[in-house]
Amino acid sequence: MSDRTRLIEELRGAIGDERVLAAIAAVPRDVFVPEPVRAHAWDNTALAIGSGQTISQPLVVARMAELLDVQPGERVLDVGTGSGYHAAVLAALGARVWSVERYPELSETAARALAAAGVEGVELLVGDGWDGLPQHAPYDGINVAAAAPEDALAGLAAQLAEGGRLVAPLADGEQRLMIAWREGRHVHRRLLEAVRFVPLVRGTAG
Ligand code: SAH
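Residues numbered from 1 in each chain as written. Predicted model: local features only at pLDDT ≥ 70, side-chain atom pairs only at ≥ 80, totals over all residues. Heavy atoms only, no water.

Novice: Tell me what's going on with the pairing of strand S6 (residues 139-144), and back it up with residues and numbers.
Specialist: Taken across its 6 residues, S6 has 6 buried, putting it largely inside the fold. Sheet topology places strand S3 (residues 75-79) next to S6; 4 bridges connect them, and they run parallel. Residue pairing for S6: Asp78 is matched across the bridge by Asn143. Crossover connection from S6 via helix H6 (residues 150-157) to parallel strand S7 (residues 160-172): handedness right-handed. (Buried < 20%, exposed > 50% of the residue type's maximum accessible area, 1.4 Å probe, protein only. Helix = DSSP H or I, 4+ residues; strand = E, 2+ residues; numbered from the N terminus. Pairing = 2+ DSSP bridges. Right-handed = clockwise from strand over helix to strand, strands pointing away.)

Set out below in structure tokens:
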């Protein structure tokens, strides 16, 4: 069994959405990780990508994608490009993605990886995603890949379109995965399992 097949079989126990499993199988994670850890690219673990940041565990990417429930053609904001892998999975689900990263060098590496993987439909921006990207709002989906406090998530949810979903780790002492969705003027939310992410940090880096 290939490493890729083994990972998909492992995720199948926790992830019911076959579209998400197909997207994880389709995106070459090895292209998004640095050379020294490439042998572990298809392990179900987070890996260091430089600048003190990590590429998320595949199970967490799959879980967040399943919660976000992206449909083809939907507009998605991805906060925290990192390696670009999560953005690539969202694009594989048919989304048009705007992905923002505060480290210019990570964004540059992500751009090369996305090109090498032949991913289309992802626009990378270098900057502070704390306040989202109002210039491209509203979004059908907002994916936050760094642990964010309540007020930051409330600000991001203001950029959701009607029916739009936001998935993020909420930093509130501990970290919990959160899904929020907009219905008219109301934003509903549900707190889910405990997770572990690097923090959302204000301002650009480097
Ligand atoms: N989605 C990434 C994992 C990212 S880790 C992947 O698939 O590899 C979280 C990323 O969020 C880090 O790269 C970090 O630099 C970035 N980040 C943290 N605060 C940010 C902010 N305010 N704006 C933009 N990016 C931020």
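The structure having been displayed, the exposition proceeds.
Novice: Run through the nonpolar core, naming residues and quoting values.
Specialist: One finds Ile24, Phe32 and Tyr85 to be the most contacted residues of the largest nonpolar core, which totals 47 residues. Those elements that place two or more of their residues in this core are helix H1 (3-12), helix H2 (18-26), strand S1 (47-50), helix H3 (58-68), helix H4 (85-92), helix H5 (104-116) and strand S8 (174-183). The greatest single-element share of this core, amounting to 7 residues, is contributed by H3. In terms of nonpolar packing, the next biggest core, distinct from the first, is built from 23 residues, Tyr139, Ala152, Ala168 and Met178 among them. (Core = buried A, V, L, I, M, F, W, Y, C linked by side-chain atoms within 4.5 Å.)

Novice: How would you summarise the site of the ligand if you had to cite specific residues and measurements?
Specialist: In the vicinity of the ligand there are 24 residues, among which Ser83, Glu101, Asp128, Gly129 and Val201 approach most closely. Within the backbone of His86, a nitrogen or oxygen atom sits 3.1 Å from an oxygen atom of the ligand. Here an oxygen atom of the ligand and a side-chain polar atom of Glu101 are 2.7 Å apart. When the ligand is considered free in solution it has 580 Å² of accessible area, and contact with the protein chains removes 99% of it. Of the residues contributing to the shell around the ligand, the split by class is 11 nonpolar, 10 polar and 3 charged. (Near = heavy atom within 4 Å. Polar contact = N/O pair within 3.5 Å; in protein donor to acceptor, adjacent residues only side chain to side chain. Areas by Shrake-Rupley, 256 points an atom, 1.4 Å probe, with all protein chains shown as cover. Nonpolar A, V, L, I, M, F, W, Y, C, P; charged D, E, K, R; others polar.)

Novice: Run through the pattern of salt bridges, naming residues and quoting values.
Specialist: Side-chain pairs of opposite charge can arise whenever the charged atoms involved come near each other. A complete count under the given rule lists 9 salt bridges for this structure. Taking the shortest distance from any N to any O, the salt bridge between Arg6 and Asp3 comes out at 3.3 Å. Highlighted residues: Arg6 and Asp3, both in helix H1, separated by 3 residues, approximately one helical turn. Two residues, Glu174 and Arg176, come together in a salt bridge whose shortest N-O distance is 3.1 Å. Glu174 gets classed as partly exposed once you look at its relative accessible area, which sits at 45%. (Salt bridge = Lys/Arg side-chain N within 4 Å of Asp/Glu carboxyl O.)

Novice: Any details on the pairing of S8? Residues and values, ideally.
Specialist: By the bridge criterion, 8 bridges tie S7 to S8 in an arrangement that is antiparallel. Residue Val167 lies in a different strand from S8, and its bridge partner there is Ile179. From the end of S7 to the start of S8, which pair antiparallel, there are 1 residue, and Gly173 there has a positive phi angle of about 80 degrees. Taken together, the 7 bridges between S8 and strand S9 (residues 186-194) define a ladder with antiparallel strand orientation. Looking at S9, one finds that Arg176 is bridged to Ala194.

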